[in-house]
Amino acid sequence: MKRFHVTTFGCQMNEHDSERMKGMLTSLGYEEVERREQADLILFNTCSIRENADNRFISHLGEAKRLKGEDPARVVGVGGCWAQSVKEEVFRRFPFVDVAFGPGQIHRLAEFLNSDSITAQGYFEFEEFAGDLPANRARPFQGWLQISQGCNCVCTYCIVPSTRGREQSRDPSLLVEEVERLAADGVREVTLLGQNVNSYGRDLPSASRIRFSDLLRRIDSVEGIERIRYTSPHPKDMREDVIEAHAELPALCEHIHLPLQSGSSTILKKMRRTYDRERYLDRVAMIRERIPDCGLTTDIIVGFPGETDRDFRQTLEVVDRVGYDGAFTFGYSPRRGTAAADMDGQVPHPVKKERMAELVDLVQERARERAQRFVGRSMEVLVEGPSRSDPTRLRGRSRHNKAVNFEGAAEPGKLVEVEIEAATSQTLSGNERLLSGIGA
Ligand code: SAH
Ligand code: SF4
Ligand code: F3S
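Draft legend 1. Geometry of the overall build of the chain. When helices and strands are tallied, the chain shows 13 helices and 19 strands. For a compact globule of 440 residues, the expected C-alpha radius of gyration is about 22 Å, and the chain comes in at 22 Å, within 12% of that figure. For the chain, the spread of C-alpha atoms along the three principal axes comes to 65 × 60 × 50 Å. Considering only contacts within the chain whose residues lie at least 6 apart along the sequence, 71% involve residues at least 24 apart. For the chain, the computed accessible surface area is about 19,600 Å², with 49% contributed by carbon and sulfur atoms. Where the 62 positive side-chain charges of the chain centre and where its 68 negative ones centre are 3 Å apart.

Draft legend 2. Structural detail: the site of ligand 1. Neighbouring residues of ligand 1: 15 residues in total, closest Tyr-157, Gln-195, Gln-261, Asp-299 and Ser-333. At a separation of 2.8 Å, a nitrogen atom of ligand 1 approaches a polar backbone atom of Ser-333. With the chains in place, 89% of the 540 Å² that ligand 1 exposes on its own is no longer accessible. Looking at the shell around ligand 1, the elements that each hand over two or more residues are strand 13 (295-302) and strand 14 (326-331).

Draft legend 3. Spatial organisation of the site of ligand 2. In the vicinity of ligand 2, the residues found are Cys-151, Cys-153, Cys-155, Tyr-157, Cys-158, Val-160, Pro-161, Gln-195, His-234 and Arg-273. Here the residues of the shell around ligand 2 sort into 7 nonpolar, 2 polar and 1 charged.

Draft legend 4. Inspection of the pattern of salt bridges at higher detail. Within this structure, the stated rule accounts for 44 salt bridges. Between Asp-54 and Arg-336 there is a salt bridge, with the nearest N and O atoms lying 3.1 Å from each other. Here Asp-54, found in helix 2 (residues 51-70), pairs with Arg-336, found in the loop between strand 14 and helix 13 (349-371); they are 282 residues apart in sequence, far enough to count as distant. A salt bridge links Glu-278 to Arg-277; the nearest nitrogen and oxygen atoms lie 3.9 Å apart.

Draft legend 5. Representation of the environment of Glu-167 in the model. Here Glu-167 lies in the loop between helix 6 (160-164) and strand 9 (168-169). Classification of Glu-167 by relative accessible area gives buried; the value is 12%. C-alpha of Glu-167 to C-alpha of Glu-89: the two residues are 78 residues apart in sequence and 25 Å apart in space. Once you skip the residues sitting within four places of it in the chain, Glu-167 turns out to touch Gln-149, Gly-150, Cys-151, Asn-152, Asn-196, Ser-199 and Asp-203. Within polar-contact distance, the side chain of Glu-167 engages the side chain of Ser-199 at 2.6 Å.

Draft legend 6. Layout of the pairing of strand 18 (residues 415-423). Sheet analysis places strand 15 (residues 378-386) next to strand 18, joined by 5 bridges and oriented antiparallel. Note on strand 18: the bridge partner recorded for Ser-378 is Glu-419. With 5 bridges connecting them, strand 18 and strand 19 (residues 427-432) associate as antiparallel partners. Among the inter-strand pairings, Ala-423 is bridged to a residue of strand 19, identified as Leu-428. In this antiparallel pair of consecutive strands, strand 18 and strand 19, the connection spans 3 residues.

Draft legend 7. Spotlight on the side chain of Asn-198. Topologically, Asn-198 is positioned in the loop between strand 10 (189-193) and helix 8 (212-220). Among the polar contacts listed, one links the side chain of Asn-198 to the backbone nitrogen of His-234, at a separation of 2.9 Å. Within polar-contact distance, the side chain of Asn-198 engages the backbone oxygen of Asp-237 at 3.1 Å. Residues within four places of Asn-198 in sequence aside, it is in contact with Phe-212, Pro-233, His-234, Asp-237 and Met-238.

Draft legend 8. Here's a closer look at the nonpolar core. Judged by nonpolar contacts, the single largest core of 66 residues is most densely connected at Leu-192, Leu-216 and Tyr-230. Among the nonpolar cores identified, the runner-up in size contains 23 residues, and Cys-47, Leu-67, Trp-82 and Val-90 belong to it.

What counts and how
Residues numbered from 1 in each chain as written. Chains lettered and ligands numbered in written order. Predicted model: local features only at pLDDT ≥ 70, side-chain atom pairs only at ≥ 80, totals over all residues. Heavy atoms only, no water. Helix = DSSP H or I, 4+ residues; strand = E, 2+ residues; numbered from the N terminus. Rg over C-alpha atoms; globule rule 2.2 N^0.38 Å. Contact = heavy atoms within 4.5 Å. Areas by Shrake-Rupley, 256 points an atom, 1.4 Å probe, with all protein chains shown as cover. Lys, Arg positive; Asp, Glu negative; His and termini not counted. Charge placed at Lys NZ, Arg CZ, Asp CG, Glu CD. Near = heavy atom within 4 Å. Polar contact = N/O pair within 3.5 Å; in protein donor to acceptor, adjacent residues only side chain to side chain. Nonpolar A, V, L, I, M, F, W, Y, C, P; charged D, E, K, R; others polar. Salt bridge = Lys/Arg side-chain N within 4 Å of Asp/Glu carboxyl O. Buried < 20%, exposed > 50% of the residue type's maximum accessible area, 1.4 Å probe, protein only. Pairing = 2+ DSSP bridges. Core = buried A, V, L, I, M, F, W, Y, C linked by side-chain atoms within 4.5 Å.

Laid out in structure tokens, this is it:
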């Protein structure tokens, strides 16, 4: 039996692609191994969103080169966004790579493995998403659903439109069928994936065209699906119908990840985000009004070209005003082929670092304050397994997407009630509530 090893970098889409890659390889008779040196087929699913993503991957590739040197029969494959962004150049820079393919093109890997080809192959055409591949899910009770691929936005810092192509929504009936299959297979929580999930449907033929909120409704009615999440929505497309869906649909979780990127309208314009600070705050106000307890998280870039101290203060001000439950913060990283990479006013590294530290402090302070609202409450938690820091305790997530560490005995995949006793900026902790008659 042939053995494979996959290393995944990047976002949830890559995680999903890797699960499908593993599913496909299993169905071809391969077996997954834990360590790279045990594998006949060494795969990397790559990301290119920031420079450090590239660097991390390239340092791993060095080990693959050494292993290939030891046993030239080994196959080395590189998929995902980095591969797509360099295309055939991958074979010139790294001659030991046998096969390279763009994001989502996992079926091409099978084609390569089934062929007698001994020369290196690259597959970089943008194609339809192959939704029929089986997936080896990391957790049997959680599943991904890629509702669209690609992105039609033109954010000036972002490499994704060039690595994932134009936006293509998948057919709603196919998506509902996929969720039904997932539910039948034990999935209780499904996460909808797209670069801009709430523009879903606009490119569909009129006969099947539905809005993102309609899709949420259809998925909510699938028996067995207890939780629905999605990532990421774009603030420009965050309309009332989606917010309304949160208030109405029982399975749709009280959490919205709404990427801000910057709190300065000047910078947002240079980023070509197509919303300004007021519009963003207006969306937040609407969310707070309709779903008062909703968890809100965001992505923020510091040190975008031309960002002045005043622009940065405006970002801090929005963070303070919104009070996020958490935020991913990134130092701006110039990406090949993007408009911002050539803009004037690139911000020096030490300035980025200083701003980042200040931002992170504020994010954490506000998140810690926000989290106190959960203390004393009983919250529904989907059990994921033992806690990372203390394996005698359990870990799971609340509907607000907060990590919860707790005393309890439930199996992974179960929904339990946890009495929350303490909260930090990152995690909640408490005790599983025993149902009356069972507990002491
Ligand atoms: N489609 C998603 C984002 C995908 S990338 C969205 O629009 O929300 C995830 C995050 O990486 C972005 O939200 C942004 O904050 C960050 N990012 C993207 N390109 C970047 C770059 N060149 N430098 C720093 N951060 C970047
Ligand atoms: Fe990139 Fe903007 Fe598209 Fe998100 S919406 S993937 S940040 S271009
Ligand atoms: Fe990275 Fe591509 Fe996702 S660049 S963040 S793997 S869309």
